[in-house]
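# Summary of structural features
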Amino acid sequence: MDNRDAVSAFLRSRRGRITPEQAGLPAYGQRRVPGLRRGEVATLAGVSVEYYTRLERGNLQGVSDSVLDGLARALRLDDTERMYLYDLARAAGPAPQARAGQRAVRPTVRPSVARIVEGMPELPAYVMNNRLDALAANPLGRALYSEMYADPTCGPNVARFAFLNPAARRFYADWERMARFAVGALRIEAGKNPYDRELSNLIGELSTRSEVFRVMWGSHDVHVFRESTKRLNHPLVGDLELDQETMSLPDESGLSVVVYSAPPGTAAEDGLKLLASWSATTGQEQDAKSTSKPSPRQP
């Protein structure tokens, strides 16, 4: 198993979206397919047609940085796509036997990170891995994503929620944008770790159960979560327009802390306060129920 198919599909998809006019090339003759021809990409990248053909067949093993830079310029890749191309090159070739057979180490949330998340009671926050699993969340974070946490089939996993739970299409006001970013984020992780069994299982599950995911996955687009504005429609407090910040932890875990906030004096701030009050009340009721249960009789 290697990443040749992913490499080939990515290069062909990027080549197919660029016209000769965009690349500054004359367009001669009738074209059977849209986009640049292999020879045109080779010329722009400064390599031979034979060499580029080898690359587009999926063989990036041993390719130099200068060639990758030439490809990125020829295919007009943005920064995220360029990073993905380099990830594909680093992961090229078959995995060593020991690496291919072992299970990926699942990163855990350090107690200090969990304390930081819990210490922001007025802001929804959670810790996310590169497979979009929410590994830990504070009470307001769980309240914000209450429908995801209530669905046992989600995991909780943001991608599963987006594609497999019908409530997500109402929850995310910009559902398609969110869905494409989720697919793009998983595509980047697959480029870095093509032998991650849990990631492969997640992608296979979503491809099988969601035709929309399968189509989006086939586009080979890549995205990185950073800062953005999320428009959400919460079932309890209604519309919320929140700022999202995603901060990667400075270690090798691949974990990020995701925090939502609302500008002061906005309806979204009032909505978060209402949601926090509801979350605190619900938590107190659950604690009361658990402490009111009769203790088991001693023999």
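What comes next is a walk through the structure. (Residues numbered from 1 in each chain as written. Predicted model: local features only at pLDDT ≥ 70, side-chain atom pairs only at ≥ 80, totals over all residues. Heavy atoms only, no water.)

End to end, helix 14 (residues 197–209) covers 18 Å across 13 residues, agreeing with the expected 18 Å (1.5 Å per residue, within 8%). Along helix 14, the residues that are buried comprise Leu199, Leu202, Ile203, Leu206 and Ser207. Angularly, the buried residues of helix 14 cover 130 degrees about the axis, an arc narrow enough to put them on a single face. (Helix = DSSP H or I, 4+ residues; strand = E, 2+ residues; numbered from the N terminus. Expected span 1.5 Å × (residues − 1). Buried < 20%, exposed > 50% of the residue type's maximum accessible area, 1.4 Å probe, protein only. Arc of directions from axis to C-beta.)

Taken as a whole and assessed by the stated rule, the structure comprises 16 salt bridges. For the salt bridge of Glu81 with Arg17, the shortest nitrogen-to-oxygen distance reads 2.9 Å. One end of the pair, Glu81, is in helix 6 (residues 79–90); the other, Arg17, is in the loop between helix 1 (4–16) and helix 2 (20–23), with 64 residues separating them in the sequence. According to the relative accessible area criterion, Arg17 is partly exposed, its value standing at 37%. A network of salt bridges, in which partner residues are shared, links Arg14, Arg17, Glu81 and Asp221. (Salt bridge = Lys/Arg side-chain N within 4 Å of Asp/Glu carboxyl O.)

Right, let's talk about the nonpolar core for a bit. Membership of the largest hydrophobic core comes to 45 residues, with the highest contact counts inside it found for Tyr126, Phe163, Tyr172, Leu186 and Leu242. Sequence-distant contacts of Phe163, defined by excluding residues within four places in its chain, comprise Trp175, Ala179, Val183, Leu206, Ser210, Val212, Phe213 and Met216. Val41, Tyr52, Leu77 and Leu85 belong to the second-largest nonpolar core, a separate cluster that totals 29 residues. (Core = buried A, V, L, I, M, F, W, Y, C linked by side-chain atoms within 4.5 Å. Contact = heavy atoms within 4.5 Å.)

Distances and angles like these do not, on their own, reveal function.
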